[in-house]
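# Commentary on secondary and tertiary structure
Listed here are the chains, written in short residue letters.
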Amino acid sequence: AAQIVISNPVVSTPTIPIPVPVPTPTPEPMPSVQTCDALRALFDATGGVYWMNKTGWLSSASCCTWHGVRCMAGEVTRIDLAYNGLAGTLPAALKKLPYLSDLVLDHNSISGTVSPQYNELVLLKNIYLGGTYISGTIPHEFSTLDKHELLDLGVTALSGTLPEEWIRAARLKHLNVGLTSLSGTLPRRLYKNPLDYLNFGRTAVSGTIMDDLGKLDQLDHFYLEHTQISGTLTRELHELSRLYDLDLESTIISGTIPETAGFMTRLDYLHFGKCKHISGTIPPSLVNLTRIDYFDLEQTRISGFIPPELSEMRGIDFLYLEETQLSGTLPKALSNLHQLDILYVDDTHVSGTIPPQFGLMFGLDFLYVGGTPISGTIPSELQDLELDSLHIGRTKLSGTLPAQLAKLDALDYVNLGRTMMTGTLPAQFGKLKNLDYLYLDGSQISGTVPREWEMLVELDILCLNTTRLSGTFPAELAKLRRLDFLYIEENSLSGTLPPEIGNLEVVDFLSFDNTLMSGTIPPSIGKLERLKDLDLDYTRISGTIPKELGDCTMFYELDLDSSFVSGTVPPSFGQLEDIFDLEMDTTFLSGTLPPQMRDMKRLSLLTLFDSRLSGTIAETLLDKWDGVKTLLLEKTRLSGTLSPMFGTMEDMELLKLSDTGISGTLPPKMGEMTDLVDFSMIGTSLSGTVPDSVPRMDRLRHIFLGKSGLS
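Residues numbered from 1 in each chain as written. Predicted model: local features only at pLDDT ≥ 70, side-chain atom pairs only at ≥ 80, totals over all residues. Heavy atoms only, no water.

## Some thoughts on the side chain of Asp-537
In this structure, Asp-537 sits in the loop between strand 35 (533–535) and strand 36 (542–544). The side chain of Asp-537 sits in the buried core without any salt bridge; Arg-540 is the nearest counter-charge, 14 Å away. (Helix = DSSP H or I, 4+ residues; strand = E, 2+ residues; numbered from the N terminus. Buried < 20%, exposed > 50% of the residue type's maximum accessible area, 1.4 Å probe, protein only. Lys, Arg positive; Asp, Glu negative; His and termini not counted. Salt bridge = Lys/Arg side-chain N within 4 Å of Asp/Glu carboxyl O.)

## Some points on the pairing of strand 42 (residues 612–615)
Consecutive side chains of a regular strand alternate in pointing toward one face of the sheet and then the other. With 2 bridges joining them, strand 40 (residues 588–591) and strand 42 adopt parallel strand pairing. Directly across from Gly-591, in strand 42, lies its bridge partner Leu-613. Across 2 bridges, strand 42 lies against strand 44 (residues 637–638) in parallel orientation. In the sheet register, Ser-614 faces strand 44, and the bridge partner there is Arg-637. (Pairing = 2+ DSSP bridges.)

## As for a nonpolar patch on the surface
A contiguous nonpolar patch, built from Tyr-99, Val-122 and Leu-123 and spanning about 250 Å² of accessible area, is present on the exposed surface. Since its relative accessible area comes to 43%, Tyr-99 is described here as partly exposed. (Patch = residues over 30% accessible without salt bridge, like charges linked within 9 Å, V, L, I, M, F, W, Y side chains within 5 Å. Areas by Shrake-Rupley, 256 points an atom, 1.4 Å probe, with all protein chains shown as cover.)

## Section: the sheet that holds strand 42
An order of 36-38-40-42-44 is seen for the 5 strands of this open sheet, with the pairing classed as parallel. Strand pairing shows two members of the sheet lacking a second neighbour, strand 36 and strand 44, which therefore form its edges.

## Quick word on the pattern of salt bridges
For the structure on display, the rule yields 18 salt bridges. When the shortest N-O distance is used, the salt bridge between Asp-37 and Arg-40 registers 3.0 Å. Residue Asp-37 and its partner Arg-40 are located together in helix 1 (residues 33–45), separated by 3 residues, close to a single helical turn. Classification of Arg-40 as partly exposed rests on a relative accessible area of 31%. When the shortest N-O distance is used, the salt bridge between Lys-547 and Glu-548 registers 3.5 Å. What you see here is one network of salt bridges that share partners, running through Arg-78, Asp-80 and Asp-102.

Next up, the structure:
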C-alpha cells in the first residue's frame, strides 16, 4: 500500500527591521541683512515692480528664494534676471555680495556704466550685460578680477578700449563686445587667454591678428566682421581646428584662402564676404568641410572656376559667390547639394548654361545667376523646384518666356529683365499668388499685358519698361491694391489711362513715359495720396492738367514734358510743397505761373521751355525758390523785367531765359550766383552792361547773350 507522508509546513519568522537613525539636516544658513539689502537695492534701482517675473522679491521669505537668485551657504552666488524687463542703472550696492560668481542681466533696459567698485567682487567669473543700454568703458579696476572668465557687453553703448591690465589678470574664455563703439587695437596679451568665444564684430577695433591666430586654438566662435582688422590669411588658419563659426566679413584681411583651411572640419559658418583684398581661387580642399552650413565669398577678388568638389558639402544651406571674379561654368555636380537653400552666383564671369540637373536641388529657394554671360534657355526641369526667388536677369538667356514658370507657385521674386528672351507675357503668371516683384524690363517680350494678371494680389513692383509690348493697359490691373512701383515706359503701349488707376492706393511710382498712351490724365489720380513720381513725358496724353493732381501732396517728381497737355498750370500745384522736379516743357501749356507755386519750398528743377507760358516771373516766387538749381523757361512768351531777386539765388546752376520777352538789366548781384554753370539770355530785350563780377564766376562755363542789347 502506498505510504502517505504528511509533512509539517515550514513557518518563516518575520524579519523585524532595525531602525537606522536619520541625521537631522543642517538648516541652510540664512542670508545676512546686508546681502538682502543689496538685492533690494537692485530691485529698487531697476524698476522691480515692473519686472516680468518678480516672484518672491521683497517678501518675508529668504532672499535666496527670490526669483533668479541662487545661494550657497547663505551667500548669493548667482543673479539671473535676463530678459526680465529691468530698467534703470546698476547699484553700487551689488559689491556687497562678496561670493557673487555670475551676474546675468542681459537683454534688459539697463543704462549707466559698469561701476568700478565691482572690482571688490573677487569671485566674479561671468558678467552678462549684452543687449542693454550700458555705456562707458570697461573699468581699469577690473584688473583685480583674476577669476574673470566671461564678459558679454555686446550690443551696448560700450566705448573706449580693452584695459591691458584686465586682459593680463583675467582668464577669459568668452568675450563679446560686438556691436559696440569699442576702439583701439587688440592687446597682444589677449592671445594668452583660453578663449573659446571672441566677438569684436561691428566695432572700431583695428590692428592685425592673422599672425597670431594659431595661439587661439581653443576658439569655437570667432567674429571680426565690419572692423578695421587687417593681416594676411596664413597656413596657420588650420590651427583653429575647433572653430565652428569664422566671420571676417568687411575686414581688411588680405591674401588667399590656404589649402590648409580644409582641415577646419568642424566649421559650420565661414564668411569672407566683402573682404575686397582676398584673392586667389577656391581651394578644392574645402571639400573636407562636410559640416559647413554657410559659405560666403561675395564681393571678394576670388577668381578661377567653381570647384565641382563643392558638391561634397552635402550639409550646406547657403552659398554666396556673387560679385567675384569667378569664371567657367556652373558645375552640374552642384545638383548633389539637395539641402542647398540659397545659391548666389550673380554678377560674376560664370558662363555656359543653367544645368538641367539643377531641377534636382529640391531644397533650393533662391537661385541668382543674373548679371552673368550665362546663355541658353531656362531649363524646364526648374519647374519641379519650390523656388522663392529667381534672378536670371542681365544674362544672355534666350528662347521664349516659359509659361511653365507659373508652376513655381511659391515665387515671390522674379527677375528676367535685360535678357534676349522673346515671346509674350504668359497669362498663366496670374497664378503666382505670392509674387511680390516681377522684372521683365529690357527684354524682347512682345504682345499685350494679360488681364489675368489681376490675380497677382501680392505684387509690389512691376517692371515692363523697354520691351516690345503693345495693346492697352488693362483696367483690371487697378485691382492690384499692394502695387507700389509700376514701370511700363519705353514700349508701344497705347490706349488711355483708365479711371480705375486711382484705386492703386499705395502706389509710389507710376511711369508710362515714351509710350503711345493717349487721352487725358484721369482726375482719379488725385486719390493716390502716396504717389511720389508720375512720368507721362513723351506720350500722347492731352487735355488739361486736372486740379486733383494737387492733392498728391507727396509728389517728388512730376514729368509731363513732350506731351500734348494744354491749358494752364493749376493753382492747386501750390499744395505740392515737397516737389523737387517739375518738368512741363515742350507742351501746349499757356497762362502764367500761379502765385501759389511759391509754396513749393523744395523745388530744385522747373522746366517750361518751348511752351506758351506768358506773364512775368513774380518776385514772390523767386523769394521762396531759394533752393532752385535749374530754371529752364526759354522759348516762351514770358515778359517783364529781369528781377534783381535772381542775383540772390545762390544755388542756381542752369538759368535759361532765351527767346523770351524779358527786358531790363542783369542783376548787380549776379556775381554772387557762385554755383552758376550755364546762363542763356539769347534773343531777349535785356540791355545795359554785364556786371564786372560775372567773368570772375569760377563755375560759369557757358554764357549766351547774343541778339540782346547787352554789352
